[in-house]
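Tertiary structure, described
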Amino acid sequence: MSTFKKHKFNFKKNKSTFKRDSFKNKLNKYLSTRDDEIFIQYLAAIVAVMNGNSNPIRSFPDIPSKILGAKIGDAYYVQPWNIETLVNELLTTPKNLYPGKRKLSENCFHNFSIINNCLMNLENAEDGLFLNRHDVTYRLPYIAQQQFPWQWNFKNPRHLYRSIFLYGSGKVGTFFQCQYGISVSKFIMIGFCFFRALSELKTIPFYQDMSSLGISESEYNAALSKFSIKLTDAREQAKKIRKPYLHPAYQPSILRDFPIIAFGQNGERLRAPIPELIAYRYTSGLYLDVVKGDSPVWTEIGKRFEQYSIEYLAAMMAPYTVEGEKQYGSKSKSYRSPDILISKSGEIKAVIECKAKRMNIKSRFPQDVFTDAKTGLDEIAKGIFQLWRFFSHARLGKTTGIKVDPDCQGILLTLDSWLVLAPKQREEVFRSANALADKDGNILPEDRREIAFCQIEEVEAALEHGTPDNFLDACREISSGEKKGWSLRVEPTDPRPYPFLDRLKDFLPWLNIEK
């Protein structure tokens, strides 16, 4: 009987594998006959129309007008993350795999839909294989990591300011300029010009004279080498970073490194399938350049993240008082409080520990959820322990001069959404934090409170659209109860402006921002 069950299980597994392979072969057949440049320009047209630009419909009248300005949830919305995956699949698919097969016409929305649906069927089949081996809760963080960042909008002013503050100023900005021969300000200026032009589907030549803007030829070439890649090189690199039998949506994307592809014999025509990824490259993508720095660079990024968070919260949390870390304890043994203290009427209502560690592709889409993201998760566990130790010291009366509310909320603030919809990883992190607390020996169960995990993007959105009390209430909701582990959300009120718009001109004097 056990032998029969084993064969039955293997048959089901083989059937699922066959289904996956069938969709993969079908997608390969369609993509192998595509002209790369024509297909990518057609994808760019779809993206432009979704972003509210009706002009491409004149050149591609088959694109349905219902796509114009479509949002998530609309029937005609085309997911940008699907388009990103399609481009990567296109670049890794050899040409003319099936000679003699009927070729789908290049510029036809119906045929695009066939290819897009084939990709989604392939992804669903891959999910099915995964779920044969794992609980569904293991898959939720993958979906969140793939889709949620697109909802933040890479080109908003707060994302731009925060990125340049962290990665483009101080010692970090100096490292960038010395390493690459161009200042971050000029790098962003060139990227901004690319973004504006390619969003309009304009054909940009490989080289442009930007001397009138104060950009030298060497500076232009330095920026171009980071924003663009020739088609042949894109194909070669995409094959190196992507594996044929892994889930296509959860693999490295060549467009995150090089959002612009250069076509033509000499790469003379620049095109961007998703122009918004150009904005990603000159904001969050600056991390790709400074990650190569040494320890002083990383220490600086951590300090600047704390500084940014303190200044932002101080500007948005009134009537609460926001302060940086404080030293407490005795002369013989002193301690540092968490990075940020939020108080009201002289009593600490919330404490925040900041962690600037970014997620690489392995930690964002891990093959093994407990080992591939271990370094980052260990940092988070350490942050939890630091919050618990402060609560223990408050209970023991060691926090001299710092009065702590018995219901003080602990918050762990990160640059990336490490633990959103990730219950398994969350359990592992708390196991590690508890091990550190056990080793300390003075941290009781009542000190080991539930912690709210918040990404900085979520905090900014919460305080832009809600009150400080809304924000703190939302932190309590996602740290325990039915919404434990959810993304931070508040009941919307009248929106408030981003407090640092005026500061952008200090970093980017050429940029005009309307309030």
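Quick look at the structure, then. Please read these numbers as outputs of a predicted model, since none were measured by experiment. (Residues numbered from 1 in each chain as written. Predicted model: local features only at pLDDT ≥ 70, side-chain atom pairs only at ≥ 80, totals over all residues. Heavy atoms only, no water.)

1. Some thoughts on the sheet that holds strand S11 (residues 451–455)
For sheets, the rule is that strands pair by backbone hydrogen bonds, running either parallel or antiparallel. Definition in use: Two strands are counted as paired when DSSP detects at least two bridges linking them. Secondary structure elements are taken from DSSP: a helix is a run of H or I of four residues or more, a strand is a run of E of two residues or more, and numbering for both begins at the N terminus. Angular values range over 0 to 180 degrees, each being the angle between N-to-C directions of two axes fitted as lines to C-alpha atoms, with helices fitted over their stretch in contact. By definition, residues are in contact when any of their heavy atoms lie within 4.5 Å.
The strand order S5-S8-S9-S10-S11 describes an open sheet built from five strands, whose pairing is mixed. Each end of this open sheet is capped by a strand with a single partner; those strands are strand S5 (321–324) and S11. Going across the sheet, the axis of each strand differs from the next one's by a mean of 25 degrees, ignoring polarity. Of the strand pairs in this sheet, strand S8 (residues 340–344) and strand S9 (residues 347–355) are connected by five bridges, and their pairing is antiparallel. Bridging across to S9, isoleucine 342 finds its partner in alanine 350. Contacting strand S10 (404–414) and S11, helix H19 (residues 456–465) runs over the sheet at an angle of about 90 degrees to S11. In the packing of helix H20 (residues 468–479) onto the sheet, the strands contacted are S9, S10 and S11, and the crossing angle to S11 comes to about 115 degrees.

2. Let's talk about the packing of aromatic side chains
The cut-off we apply is this: Two rings from Phe, Tyr or Trp (for Trp, the six-membered ring) form a pair when their centres are within 6.5 Å of each other. A pair whose planes differ by under 30 degrees is stacked, one over 60 is edge-to-face, and the rest are tilted. Any residue under 20% of the maximum accessible area for its type is buried, any over 50% is exposed, and the rest in between are partly exposed; the area is computed with a 1.4 Å probe on protein chains only.
Applying the stated criterion across every chain yields a total of 29 aromatic pairs. Centre to centre, the rings of tyrosine 161 and tyrosine 308 are 6.2 Å apart; their planes meet at 40 degrees, and the pair counts as tilted. Of this pair, tyrosine 161 sits in helix H7 (residues 157–167) while tyrosine 308 sits in helix H15 (residues 295–316); the two residues are 147 residues apart in sequence, bridging distant segments of the chain. Assigned by exposure class, tyrosine 161 and tyrosine 308 land together as buried. Pairing tyrosine 287 with tryptophan 298 gives two aromatic rings, centres 5.7 Å apart and planes at 75 degrees, and the pair type is edge-to-face.

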